[in-house]
Amino acid sequence: MDFLIPSTFAEALAIKAERPEVVPIAGGTDVMVELNFDHRRPTALLDLTRIAELTEWAPSENLLRVGAGVPYVRIIDELGDRLPGLAMASRTVGSPQIRNRGTVGGNLGAASPAGDTHPVLLACDAQVEVASVRGTRMIPAAEFYLGVKRNALEPDELIAAVHLAPAAAPQQFSKVGTRNAMVIAVCSFAVALHPEQGRVGAAVGSAAPTPRRALAAEEFLAGELSDAGLWESPKPLLDSVRRRFGELAAEAASPIDDVRGTAAYRRHALAVLARRTLGWAWQDYCGTGETRSQSCA
Amino acid sequence: MRVNVTINGDQRQADDVWEGESLLYMLRERLGLPGSKNACEQGECGSCTVYLDDVPVCACLVAAGQCQGREVRTVEGLAAGDDLDPVQRSFVEAGAVQCGFCTPGLVVAAHDLLRRVPEPSDPEIREALAGNLCRCTGYEKILDAVRLAATRQASGAEAR
């Protein structure tokens, strides 16, 4: 096995082009487990932790560009105000030690259906910036996840960054597990309000072969909100609306029975998560509305 | 491959390191530092917690090669000679050690918490230690130890 240590992203891309079978490693929280348990014997590891440009985040046009190697702890500490949904999901990853090392780029690279940040990336319309010696392309999160642990990367490509808009309105993420720390999601859900577009982003995690947008739930809610003029004069949502949103979110999933939970439990829990997260996000929206216009009852 | 790394302030060199090897294996099997414990090898238990460039990590999830030229501080590097770190003393005095296997990882995690948050609340202590498992389930004494270390640290700071 080789251990390759590029010091620039260009150098890493050149290696990946020449040897597409090399396995990139950043925080190591997935890759090292596979090596320790002898589940994987790659011909080479490509260490990305020396590449300074991957560990930076910066505004990029109207978006934030978050380098693939920015660890969760920095997303929480440095971007929690601008990317609240992503920070919430990051907070539920593993333990402090894991959050010190693990990265969103790694979450995307592994493309586990249970990855914590995926539902948020979907609900927030994130774009994944991938690169190779052939050039750079942007892949919408909704087109990035292809199957269980399969993503849209070509063999010579590496993940450079994710691009997300700073939150203009409340976002929420919630996850079910057996305890608060160190759990792989039984199921998870993210919701992001996009008042400027008159719509809501919603996505389920750990409840289908890939993370998935809950499109019917999104459309239903967008209709309800605009029909009642709630974006302009926010009022608490009817219980029936929140419940219907939850049902539709659960229908977006195609869960299986496994060691972490049954399909039936996942569907039930998703409906609850969706109803609650929407309630929290909308309550926040009403709160900000109240300070703006005193219109929220 | 050869890995050069600063460990507990000393420049060390490990030879014949396998490219897929973890920092934990290198510490324990090649550099004679068995303080960091090997339990789960998947980042679940925290027994191998060490500082890498001043950040607590699971040594089992760091590739040895990723430490080339970097600084590692293990549980062996917390005491100044025979003079135990206040966190270590507090663990002994509070009886926070049963079988002892999780102790090194917990000591490093608690050490890091008290550097960042000198007077942590109970929820902050629990959160900071959430990645460290004690199969003897001696968590109450461990919390006592962290509170004791915090108190001690605070009074030490006042004395100065």
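Counting restarts for each chain, with residues numbered from 1 along the sequence as it is written. The order in which chains are written sets their letters, starting at A; the order in which ligands are written sets their numbers, starting at 1. The predicted nature of this model means local features are confined to residues of pLDDT at least 70 and side-chain atom pairs, given and counted, to a pLDDT of 80 or more, with totals for whole chains, interfaces and linings taken over all residues.

Asker: What exactly am I supposed to notice about the UniProt feature "domain: FAD-binding PCMH-type" (unreviewed entry) in chain A here?
Answerer: UniProt positions are given in the numbering used here, feature names are shortened, and annotations may be inferred rather than shown by experiment. Within this numbering scheme, the UniProt entry marks residues 1–169 of chain A as carrying the feature "domain: FAD-binding PCMH-type" (unreviewed entry). By definition, any uninterrupted DSSP run of H or I lasting at least four residues is a helix, any uninterrupted run of E lasting at least two residues is a strand, and each is numbered from the N terminus. The distance separating the terminal C-alpha atoms of residues 1–169 of chain A is 48 Å; by composition the span is 30% helix and 25% strand.

Asker: Honestly, the interface of chain B and chain A in this entry has me stumped. Any pointers?
Answerer: How big an interface is tends to be expressed through the accessible area that disappears when the partners come together. Contact between two residues is assigned when their C-beta atoms, built from the backbone, lie within 7 Å. In this complex, chain B contributes 23 residues to the contact, which on the side of chain A involves 24 residues. The leading source of residues in the side of chain B that touches chain A is strand E4 (residues 55–58) of chain B, at four residues. Tallied by class, the residues present in the side of chain B that touches chain A amount to 11 nonpolar, nine polar and three charged. Residues are sorted three ways: Asp, Glu, Lys and Arg are charged, Ala, Val, Leu, Ile, Met, Phe, Trp, Tyr, Cys and Pro are nonpolar, and all the rest, Gly among them, are polar.

Asker: Just to check I follow, could you spell out the pairing of strand E2 (residues 10–14) of chain B for this structure?
Answerer: Moving residue by residue along a regular strand, the side chains alternate between the two faces of the sheet. Residue and element names in this part refer to chain B. Note on pairing: two strands pair once DSSP finds at least 2 bridges between them. Summarising the sheet, strand E1 (residues 3–7) and E2 pair through five bridges and their orientation is antiparallel. By the bridge assignment for E2, Val3 is matched with Ala14. If you look at the hairpin formed by E1 and E2, you'll find two residues sitting between the two strands, and Asn8 has a positive phi there, around 50 degrees.

Asker: How should I be thinking about the domain arrangement of chain B in this particular structure?
Answerer: Residues and elements named next belong to chain B. An automatic or database domain assignment provides the domain bounds reported here. Taken domain by domain, chain B comprises domain 1 (3–77) and domain 2 (86–159). Its C-alpha centre places domain 1 at a distance of 22 Å from the equivalent point of domain 2. Listed as interface residues are 13 residues of domain 1 and, on the opposing side, 11 residues of domain 2. Residue contributions to the side of domain 1 that touches domain 2 peak at three residues, all from strand E3 (residues 49–52). Of the residues assigned to the side of domain 1 that touches domain 2, the class counts are seven nonpolar, five polar and one charged.

Asker: Teacher, can you tell me more about the packing of helix H2 (residues 86–93) of chain B against helix H3 (residues 103–116) of chain B here?
Answerer: When two helices pack together, their arrangement is given by the angle between the helix axes and the distance between those axes. All names here are of chain B. Fitted lines through C-alpha atoms serve as axes, helices being fitted only where they are in contact, and the angles separating the N-to-C directions of these axes extend from 0 to 180 degrees. For the pair H2 and H3, the least separation of the axes is 9 Å and the interaxial angle reads 125 degrees. With respect to their mutual orientation, H2 and H3 come out oblique. Crossing of H2 against H3: the hand is right-handed. Contacts from Val87, Gln88 and Phe91 in H2 reach Thr103, Val107, Ala110, His111 and Leu114 in H3. Here is the rule for angles: anything less than 35 degrees is roughly parallel, anything more than 145 is roughly antiparallel, 65 through 115 is roughly perpendicular, and the remaining ranges are oblique. Throughout, a crossing is termed right-handed when the near helix is turned clockwise from the far one, and left-handed when it is turned anticlockwise from it by less than a right angle.

Asker: How should the nonpolar core be read in this particular structure?
Answerer: Buried together is how nonpolar side chains tend to be arranged in soluble globular proteins. Take the buried Ala, Val, Leu, Ile, Met, Phe, Trp, Tyr and Cys residues, join any whose C-beta atoms are within 7 Å, and the set you get is a nonpolar core. Three exposure classes are used, based on other C-beta atoms lying within 10 Å of a residue's own C-beta, which is placed from the backbone: buried for 20 or more, exposed for 12 or fewer, and partly exposed in between. Residues A:Val204, A:Ala249, A:Leu270, A:Ala274, B:Ala59 and B:Ala110 are the most contacted members of the largest nonpolar core, which totals 139 residues. The element that contributes the greatest number of residues to this core is helix H10 (residues 263–293) of chain A, accounting for nine residues. A:Leu270 has contacts with A:Cys187, A:Phe189, A:Val204, A:Ala207, A:Ala249, A:Ala250 and A:Ala253, leaving out every residue within four places of it along the chain.

Asker: Whenever I open this one, the sheet that holds strand E3 (residues 44–47) of chain A confuses me. Can you help?
Answerer: Pairing between the strands of a sheet comes from backbone hydrogen bonds, and it takes one of two forms, parallel or antiparallel. Residues and elements named next belong to chain A. Read across the sheet, three strands follow the order E1-E3-E2 without closing on themselves; strand pairing throughout is parallel. Each edge of the open sheet carries a strand with a single partner, namely strand E1 (2–4) and strand E2 (23–25). In this sheet, adjacent strand axes meet at a mean angle of 25 degrees when their direction is disregarded. Relative to E3, E2 is paired through three bridges, and the arrangement is parallel. The partner of Pro24 across the bridge, within E3, is Leu46.

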